[in-house]
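Overview (structure and organization)
Below are the chains, spelled out letter by letter.
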Amino acid sequence: AGGFGYGPAFQGLAAAWRRGEEVFAELRLDRRQHADAALFGLHPALLDAALHGVALGEFLGAGADGIRLPFSWTGVTLHAAGATALRVRIAPAGTDTVALTVADENGGAVASVDSLVLRRIAPEQLRAAQVTYHDSLFRLEWTPVPVPSAAPGAVRWALVGEQAAADGTDAFGLVGALESTGAECEVFSDLTELAAVVASGGPRPDVVLLPLTGPAGGGGGHLAEGVRLATHAALDTAQSWLAEEAFAGARLAFVTRSAVATSPDAEVSDLTHSSVWGLIRTAQTENPDRFLLLDLDHEETAADALVGAVAGGEPQLAVRAGALHAPRLARVATQEEDRTPEGLPEFDPDGTVLITGATGVLGGQLARHLVAERGVRHLLLNSRRGQRAQGMPELVGELTALGAEVSVAACDVADREALSMLLAEVDPAHPLTAVVHTAGVLDDGLLPALTPERIDTVVRPKVDAAVNLHELTLGLDLKAFVLFSSAAGIFGAPGQANYAAANTFLDAFAAHRRSAGLPALSLAWGLWEQRSAMTGGMADADVARMERSGMAPLSSRDGLELFDTACGVGGEAVLVPLHLDTAPLREQAAEGALPAVFRGLVRAPARRRAVS
């Protein structure tokens, strides 16, 4: 009647009574929430239940309309943490104000609030302000984090780079920024020179800065070639860093400029080095505390931000307008039914939809879904084997029976000339209006075992193909350009540094297209339940390991529903569809082992213990 609806966890008011102007209440936390009590100073469900007693008093005056909501807290003290049952006394403390005294079942002090100001709100206002979130659809949110105060001289710095070694300055101004604070930063042409100095008795640096500038490897103007060369160079550097005993205990910071998008509308101007972020994210999972990732904007490098990035304990950071931002996984808010954002992917029944990797499990499932549920009537299914692929005749027959006209092509989309010929054959009566790029290949191995060839095996079907699809469709009126990426690029995945690199490029590339006013959406999928040619080699132990980390496999039905949901979310270049169980994450948080990217979803445990 008051406009509130409480789930089981928030129905903790066990008893209540009045004594004059005061209200007393007994509270019990739902048993299913007991394991979480230690994660909070005061469990939110118990704190909320403590305020239910306010409705039993006349703290806003007799006959006050509307819902009472907390507005301003003053004099809040936490005496003990982790309680599962409480007793609370609520007393008037002024106009529209109460004071709270909270104790455990034995009368031990738990918390006190000198003043809590309450405000009335109409039920319809509360309903209008409610925000709900998708359970299995996430985004990467770059959250401002404090810049830790640290003395620049407390860190021994070094920088490697041929340009810096030649003229004493680097393109990002890192050396100059540090020296302006009085810190020293030695410059070396490469890691080999630095290792020789350390081996001969020179001081080992705490942090080595590696600015990534210019065309990677000095080769070629083609974007895909530059990405491969940048990834080769980063792999070689990371392997050398790990193999050199002189660097044990030090951290290597890969520094880029505008290689990641920190907001949905941000432009990624350094696509060439975007793949390095995926590679090194995985290197961080395999080798904790050995690597840092830092992305700069185009403003002058601030020394305090640079020092804070090293001192703050965050493995990945971006500097924007002098402030530090860290990536955090965040749930995507549901869209109001009466508001449809502009620029969403569209699948025109009269246009042709190209699906790459169509003979894979995901490509085939998506083709059926687009025809049966999205009204697509003209499909161009592409794979390297075309009609010869296993199951293709059956898939075509099924789609035809559903009323679709289906063309099948054998084409290596990473081959620009071959793709150009394929697109030229699309029926002008049903022009190409949508592209869904699902193709991909795995070649898993830990970082020391990877080679440039193994990088190329995985990067080519993702990166080269995406660039070709982009460049060869620029003159077309596409309504959808959807890239199937992977959560491996967002989180890093042990044994999949090459795959993470390829997919991080796709995410950056989607942001690049959107900033240019072109349609683009990259879906960084979690693991699908149905095994495919890519995941069929995964052992059950690998799947179990992922589940223990909180990532449960997606059923085909859930995956396709999430595809539709993601296509209905406006304003995002990259979305992360996956089932995430936060219980294992809470256990990691309790052990101090929670990956930084999940810190926005799971709280670290309170250090104090409740009175028993």
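Since this is a predicted model, take the numbers as computed values, not measurements.

Details of the overall build of the protein
On a plain count of helices and strands, the protein comes out with 17 helices and 23 strands. Buried residues in the protein amount to 51% of all 612 residues. Put simply, 74% of the contacts in the protein that link residues at least 6 apart link residues at least 24 apart. Surface summary for the protein: the accessible area is close to 27200 Å², and the carbon and sulfur share equals 49%.

So, helix α17 (residues 582–590)
Within an α-helix, residues lying three or four positions from one another point in the same direction, as the helix has 3.6 residues per turn. All buried positions along α17 are accounted for by T582, P584, L585, Q588 and A589. Looking down the long axis of α17, one finds its buried residues gathered within 155 degrees of arc, a one-sided arrangement. The N-cap residue of α17 is D581: its side-chain oxygen and the backbone nitrogen of A583 are 3.0 Å apart. Positive backbone phi, approximately 75 degrees, marks G592, located one or two places after α17.

Considerations on empty space enclosed by the protein
Rolled over the atoms, a probe with the dimensions of a water molecule shows which regions are left empty. The final tally for this structure, using the stated rule, is 2 cavities of 30 Å³ or more. In this structure, the largest cavity occupies an estimated 60 Å³ of space. Around the largest cavity, the lining residues are A253, L292, L293, L294, L306, A309, V310, E314 and L317. Along the lines of polarity and charge, the residues of the lining of the largest cavity split into 8 nonpolar, no polar and 1 charged. Estimates place the volume of the second largest cavity at around 50 Å³. Taken together, G343, L344, P345, K479, A480, F481, R514, P519, A520 and L521 make up the lining of the second largest cavity. Class assignment of the residues belonging to the lining of the second largest cavity gives a composition of 7 nonpolar, 1 polar and 2 charged.

Points about the packing of helix α11 (residues 416–424) against helix α12 (residues 452–472)
Two numbers describe how α11 lies on α12: the axes approach to 10 Å, and their chain directions differ by 45 degrees. Considering the angle they form, α11 stands oblique to α12. Where α11 crosses over α12, the two elements pack in a sense that is right-handed. Of α12, the residues touching α11 (which contributes R416, L419, S420 and L423) are N468, L469, E471 and L472.

Some points on the side chain of E314
Looking at where E314 falls in the secondary structure, it is placed in the loop between α8 (303–311) and β13 (316–320). A relative accessible area of 11% places E314 in the buried class. Ignoring anything within four residues of it in the chain, the contact list for E314 reads V145, L292, A309, A326, R328, A596 and R599.

Some details on unusual backbone geometry
If you check the backbone angles, D96 has positive phi at about 55 degrees while not being a glycine. One non-glycine residue, S258, lies in the positive phi region at around 55 degrees. Tracing the chain through its elements places S258 in the loop between β11 (251–257) and α7 (274–286).

Concerning the environment of Q387
Tracing the backbone shows Q387 in the loop between β16 (378–383) and α10 (392–401). By relative accessible area, Q387 is classed as partly exposed at 48%. For the pair formed by Q387 and V408, sequence separation is 21 residues and the distance between their alpha carbons is 6.3 Å. Residues in contact with Q387, not counting those within four places in the same chain, are M392, P393 and V408.

Focus on the environment of A501
Locating A501 in the fold gives a position in helix α14 (residues 497–515). Spatially, the C-alpha atoms of A501 and G489 are 6.3 Å apart, while their sequence positions differ by 12 residues. When sequence neighbours within four positions are dropped, the list of residues in contact with A501 reads T231, S275, G278 and L279.

Parameters and conventions
Residues numbered from 1 in each chain as written. Predicted model: local features only at pLDDT ≥ 70, side-chain atom pairs only at ≥ 80, totals over all residues. Heavy atoms only, no water. Helix = DSSP H or I, 4+ residues; strand = E, 2+ residues; numbered from the N terminus. Buried < 20%, exposed > 50% of the residue type's maximum accessible area, 1.4 Å probe, protein only. Contact = heavy atoms within 4.5 Å. Areas by Shrake-Rupley, 256 points an atom, 1.4 Å probe, with all protein chains shown as cover. Arc of directions from axis to C-beta. Polar contact = N/O pair within 3.5 Å; in protein donor to acceptor, adjacent residues only side chain to side chain. 1 Å grid on protein atoms, 1.4 Å probe; cavity = no way out; pocket = protein on both sides within 12 Å on 5 of 7 lines; lining within 4 Å. Points joined across faces, edges and corners; volume = space filled by probe spheres on them. Nonpolar A, V, L, I, M, F, W, Y, C, P; charged D, E, K, R; others polar. Axes fitted to C-alpha atoms, helices over the stretch in contact; angles between N-to-C directions. Parallel < 35°, antiparallel > 145°, perpendicular 65-115°, else oblique. Left-handed = near helix turned anticlockwise from the far one by under 90°.

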